[in-house]
Amino acid sequence: MSKLRSAIVGCGVIHGSHIEAIQALSEDVELVAVCDEMEERSSATARKHGVHAFAELEAMLDWGAFDILHVCTPSGQHAACGVLGARAGKHVLCEKPIDVTLPAADALIGACALAKVKLAVVSQHRYSSGMRHLKGWIDDGRMGRLVYGESVTKWYRTQ
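Residues numbered from 1 in each chain as written. Predicted model: local features only at pLDDT ≥ 70, side-chain atom pairs only at ≥ 80, totals over all residues. Heavy atoms only, no water.

Chemist: How should the nonpolar core be read in this particular structure?
Modeler: In globular proteins that are soluble, nonpolar side chains generally tend to be buried together. Ranked by size, the top nonpolar core spans 25 residues in total, and within it Val 9, Leu 57, Met 60, Phe 66, Leu 69, Val 71 and Leu 108 carry the most contacts. Elements supplying a minimum of two residues to this core: strand E1 (4-9), strand E2 (29-35), helix H3 (57-63), strand E4 (68-71), helix H4 (78-87), strand E5 (91-94) and helix H5 (102-115). At 5 residues, the largest contribution of residues to this core is made by H5. Here Val 9 is in contact with Cys 35, Leu 57, Met 60, Leu 69, His 70, Val 71, Cys 72, Thr 73 and Cys 81, once residues within four sequence places are set aside. Ile 8, Ile 22, Leu 31 and Val 51 belong to the second largest nonpolar core, which has 10 residues in total. (Core = buried A, V, L, I, M, F, W, Y, C linked by side-chain atoms within 4.5 Å. Buried < 20%, exposed > 50% of the residue type's maximum accessible area, 1.4 Å probe, protein only. Helix = DSSP H or I, 4+ residues; strand = E, 2+ residues; numbered from the N terminus. Contact = heavy atoms within 4.5 Å.)

Below, the structure written as structure tokens:
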């Protein structure tokens, strides 16, 4: 089987984690392109990793020599970028949240279904030790009958 080719849109804070993951899976996946509307970001990342740089997602999709679009843009742009990727026949790996409105999230889900491409949303903490303990307590009834759950996590990430 040939390697899957990945392209990243959005070269802000989280894109480096995606590059590290791609590199960790280097037998199966390779980074081939990056895109950011701030051209200096995509150019710097492309030079560092020896890949193609784009300043517009549409141009990267027209080039099209990749299989997976990693959406690492600001949250309110996730669905719009993913929809364009799906329509171009690319599988979509989207940072969380899938988007900031339900209609946008539904549009991305629908576009991926229509194009018959895979959609995955990053949720790296779902199997952390704390979450596994909490799930075990719920399953064992140690917390009573669950009727509602909510989580607020306040993280500050600099640019």
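Chemist: Would you mind going over the state of the cysteines with me for this structure?
Modeler: Here is the idea: a disulfide is a covalent bond, and it sits between the sulfur atoms of two cysteines. Inspection of the entire model under this criterion finds 0 disulfides. Note on Cys 81: no disulfide assigned, nearest cysteine sulfur contributed by Cys 35 at a separation of 7.9 Å. This cysteine, Cys 94, is not joined by any disulfide, and Cys 72 carries the nearest cysteine sulfur, 8.6 Å off. Overall, Cys 94 belongs to the buried group, its relative accessible area being 0%. (Disulfide = S-S within 2.5 Å.)

Chemist: It is not clear to me how the pairing of E2 should be interpreted in this structure. Could you clarify?
Modeler: For a regular strand, side chains alternate in direction, first toward one face of the sheet and then toward the other. When you tally the buried positions in E2, you get 6 out of 7 residues, the bulk of the element. The sheet contact formed by E1 and E2 spans 6 bridges and is parallel. Bridge pairing in E2 links Leu 4 to Val 29. The parallel pair E1 and E2 is bridged by helix H1 (residues 15-24), and the resulting crossover is right-handed. In the sheet, E2 pairs with strand E3 (residues 52-54) via 3 bridges, with the strands oriented parallel. The residue bridging Val 34 from the neighbouring strand is Ala 53, located in E3. Between the parallel elements E2 and E3, the chain passes through helix H2 (residues 39-49) in a crossover that is right-handed. (Pairing = 2+ DSSP bridges. Right-handed = clockwise from strand over helix to strand, strands pointing away.)

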